[in-house]
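Notes for the structure review
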Amino acid sequence: MITLATSVFGIVLCKGEIIKTSVHGPTGKISYRDEGFGGMPVVFIHSFGGNVSHWDEIKESLVPNRRVVRIELRGHGDSEFPKDGDYKIPSMAKDLATVVNLLGLQRFVLVGHSMGGSVALQYAGENPSRVAGLVLVDSNGDPKKLPESVRTQIKNALLSDQYVQTTESYWEQLLAHSKPEVKERLMRELTRAPKDMVIKITSELLDYDPNHSLKRYVGPKLAIVTPENDDQFALHRLHLGFPHTVVSDAGHWLQLDQPEEFRNILETFLQKF
C-alpha cells in the first residue's frame, strides 16, 4: 500500500485505486471515499450514527460503470467532531459541498439516508443546478407537523436522566423490523455516539423545515421508504409531492436489510442519467 498526504488532504492508494481520502472541512477533517469511473457520479450521505460502510453493498454494482463518492459527515466515521459543536443541517451541507467542490463534481446524483437525506435536500435546495437527481431514503418529513409540545417533550427527555431510555427506545423502534444481524450492528454503532452529538442532532432534526428546499429543487426526486414512513406527513407528500417506493420487511436502515431490492430501485432511477 502506498500512502500519500498533503497539508490539504490525505490520500490512501491501493493498487492505484483511491479508496480513502479526507479534506479539511469548515470545522475539521471530513473523510470520504471516491471510487469508480464514468457515467453520472453518485454521491452518498449516511444517516445519523452512520458511516460509509452503510453503502458498501450498494456501491459494489455501481463502481464498474460510475464514479461513486461516499461522504462521512462531521462527527461520523473517520471525520472529526466539529470544533465549534455545530451540527446544524445547513452546516453539515457545507461538509458535502467541501468534498464535491474539491473533487470538481459539477453535476451528480445525490443519495441521502435519514439525517443524510435532510443534508442532501438542504444542499439540493442551495445548489439546484448541480444536483441531477435526488434520492431520499427514509428521511424525515416535516417535524413541524408534530405539536410543539411533543417536540419539546422529546428534547427535554434527552436533557434529563431519561437520556439512555429515550434514545435506546427510539433506536429499538427504528430497528424493530430489521434483520437480527443488522439490528445488532446498528445498536453497537448508535450507542457509541456521544451524548452531546445525539442531543444536538436530534434537536436540529426536530426543528428542520424541508419545505423551502423542496420548493427550490425541482429536479428528479425519489423517496425510498419503509411502510412506517409512508404516512400523510411523509417527505414525498410535502409541497407538490414526488414519486416514492416502499420497501417492506426492513427497518429504518433498509439498504442494509434489503440491499438487493434497494439496489434495483436505485439503479432503475439512475438509468435516467
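Residues take numbers from 1 onward in each chain, read along the sequence in its written order. pLDDT decides what is reported in this predicted model: residues at 70 or higher carry local features, side-chain atom pairs at 80 or more are listed and counted, and totals for whole chains, interfaces and linings draw on all residues regardless. Side-chain measures were taken over the full set of non-hydrogen atoms in the model, leaving aside hydrogen atoms and water.

1. Some words on the pairing of strand S9 (residues 221-225)
In terms of residue burial, S9 counts as a mostly covered element, since five of its five residues are buried. Type-normalised accessible area, obtained with a 1.4 Å probe on protein chains alone, sets the label of each residue: buried when under 20%, exposed when over 50%, and partly exposed for intermediate values. Secondary structure is summarised from DSSP: a helix means a run of H or I of at least four residues, a strand means a run of E of at least two, and numbering begins at the N terminus for each. Side-chain alternation along S9 places Lys-221, Ala-223 and Val-225 on one buried face and Leu-222 and Ile-224 on a second face that is also buried. One bridge is not enough; two strands pair if DSSP finds at least two bridges between them. Here strand S8 (residues 131-137) runs beside S9; their pairing, made up of four bridges, is parallel. Bridge assignment links Val-135 to a residue of S9, and that residue is Leu-222. As paired strands, S9 and strand S10 (residues 244-246) are joined by three bridges and run parallel to one another. Considered in S10, the bridge of Ile-224 is made with Thr-245.

2. A short note on the nonpolar core
Remark: nonpolar core denotes a set of buried residues (Ala, Val, Leu, Ile, Met, Phe, Trp, Tyr, Cys) joined through side-chain atoms within 4.5 Å. Counting 55 residues, the largest nonpolar core has Val-43, Phe-48, Ile-71, Leu-110, Tyr-123 and Leu-134 as the members making the most contacts within it. Contacts between residues were defined by any pair of non-hydrogen atoms, one from each residue, lying within 4.5 Å. Leaving out residues up to four positions away in the same chain, Tyr-123 has contacts with Ala-93, Leu-96, Ala-97, Val-100, Phe-108, Leu-110, Arg-130 and Val-131. Membership of the second largest hydrophobic core comes to 23 residues, among which are Val-63, Val-111, Ala-132 and Ala-250.

3. Quick look at helix H5 (residues 163-174)
It helps to recall that an α-helix has 3.6 residues per turn; residues three or four apart then point in one direction. Helix span is expected to be 1.5 Å times the residue number reduced by one. A rise of 1.5 Å per residue sets the reference length of H5, with its twelve residues, at 16 Å; its end C-alpha atoms lie 17 Å apart and thus fit the reference within 8%. Buried within H5 we find Tyr-163, Thr-167, Trp-171 and Leu-174. One face of H5 carries all of its buried residues, which in axial projection span an arc of 55 degrees. On its buried face, H5 sits against helix H4 (148-159), helix H6 (180-191) and helix H7 (195-207). Directions from the helix axis toward the C-beta atoms define the arc.

4. A few points about the packing of aromatic side chains
The description of two aromatic rings rests on the distance between their centres and on the angle between their planes. Paired rings are identified among Phe, Tyr and Trp, the last through its six-membered ring, by centres lying within 6.5 Å, and are further divided according to the angle between planes into stacked (under 30 degrees), edge-to-face (over 60) and tilted (the rest). Tallied over the full model, the rule gives four aromatic pairs. Taking the centre distance of 4.8 Å and the plane angle of 40 degrees together, the rings of Phe-44 and Trp-55 count as tilted. Taken together, the positions of Phe-44 in strand S5 (residues 42-45) and Trp-55 in the loop between S5 and helix H1 (56-60) put the pair eleven residues apart, joining distant regions of the chain. Residue Trp-55 is classed as buried on the basis of its relative accessible area, which comes to 1%. Seen from their ring centres, Phe-269 and Phe-273 are 5.4 Å apart, and the 55 degrees between their planes marks the pair as tilted. Taking the relative accessible area as the measure of exposure, Phe-273 reaches 25% and is therefore partly exposed. Ring pairs connect the aromatic residues Phe-44, Trp-55 and Phe-262, which therefore count as one cluster. Against the face of Tyr-163 rests Lys-195, its NZ or CZ located 5.1 Å from the ring centre. Counting as a charge over the ring demands two things of the Lys NZ or Arg CZ atom: a distance within 6 Å of the ring centre and an angle within 35 degrees of the ring normal.

5. What to know about the pattern of salt bridges
One speaks of a salt bridge when a side-chain nitrogen belonging to Lys or Arg is within 4 Å of a carboxyl oxygen belonging to Asp or Glu. Overall, the coordinates contain 15 salt bridges when judged by the stated rule. Note that Lys-59 is salt-bridged to Glu-35, the shortest N-O span being 3.1 Å. Of this pair, Lys-59 sits in helix H1 while Glu-35 sits in strand S4 (residues 29-35), and the two are 24 residues apart along the sequence. Where Arg-151 meets Asp-207, a salt bridge forms, and the shortest distance between an N and an O atom there is 3.1 Å. Remark: Asp-207 occurs in helix H7 and Arg-151 occurs in helix H4; sequence separation between them is 56 residues. Relative accessible area serves as the criterion here: at 6%, Arg-151 is assigned to the buried category. Residue classification places Asp-207 among the partly exposed residues on the basis of a relative accessible area of 33%. Ionic contacts of the salt-bridge type, sharing partners, join the residues Glu-35, Asp-56, Lys-59, Glu-60 and Arg-70 into one network.

6. With respect to unusual backbone geometry
Most peptide bonds are trans, and most residues other than glycine sit at a negative phi. In this model, Ser-114 sits at a positive phi of 55 degrees, which is unusual for a non-glycine residue. Even without a glycine there, the phi angle at His-239 is positive, about 50 degrees. Within the fold, His-239 resides in the loop between S9 and S10. When its relative accessible area of 39% is taken as the criterion, His-239 is described as partly exposed.

7. Some details on the side chain of Glu-72
Mapped onto the secondary structure, Glu-72 falls in strand S6 (residues 68-72). Its relative accessible area of 2% is what places Glu-72 among the buried residues.

8. Thoughts on the side chain of Ser-139
Tracing the backbone shows Ser-139 in the loop between S8 and H4. Excluding residues within four positions of it along the chain, Ser-139 makes contact with Gly-112, His-113, Ser-114, Gly-117, Ser-118, Asn-229 and Leu-235.

9. Concerning empty space enclosed by the protein
Where empty space is left in the structure can be found by rolling a water-sized probe over the atoms. Cavity and pocket criteria rest on a 1 Å grid covering protein atoms alone: a 1.4 Å probe that fits but cannot get out defines a cavity, protein on both sides within 12 Å along at least 5 of 7 lines defines an open pocket, and an atom within 4 Å of a point defines a lining residue. Grid points are joined across faces, edges and corners, and a volume is the space filled by probe spheres set on the points. All told, the structure shown has one cavity of 30 Å³ or more when counted by the stated rule. Each pocket or cavity is described by its volume, and for the largest cavity that value is around 40 Å³. Every residue lining the largest cavity is listed: Leu-136, Asp-138, Ser-139, Ala-223, Val-225, Asn-229, Ala-234, Leu-235 and His-236. In this classification, the charged set is Asp, Glu, Lys and Arg, the nonpolar set is Ala, Val, Leu, Ile, Met, Phe, Trp, Tyr, Cys and Pro, and all remaining amino acids, among them Gly, are polar. Taken together, the residues of the lining of the largest cavity break down into five nonpolar, three polar and one charged.

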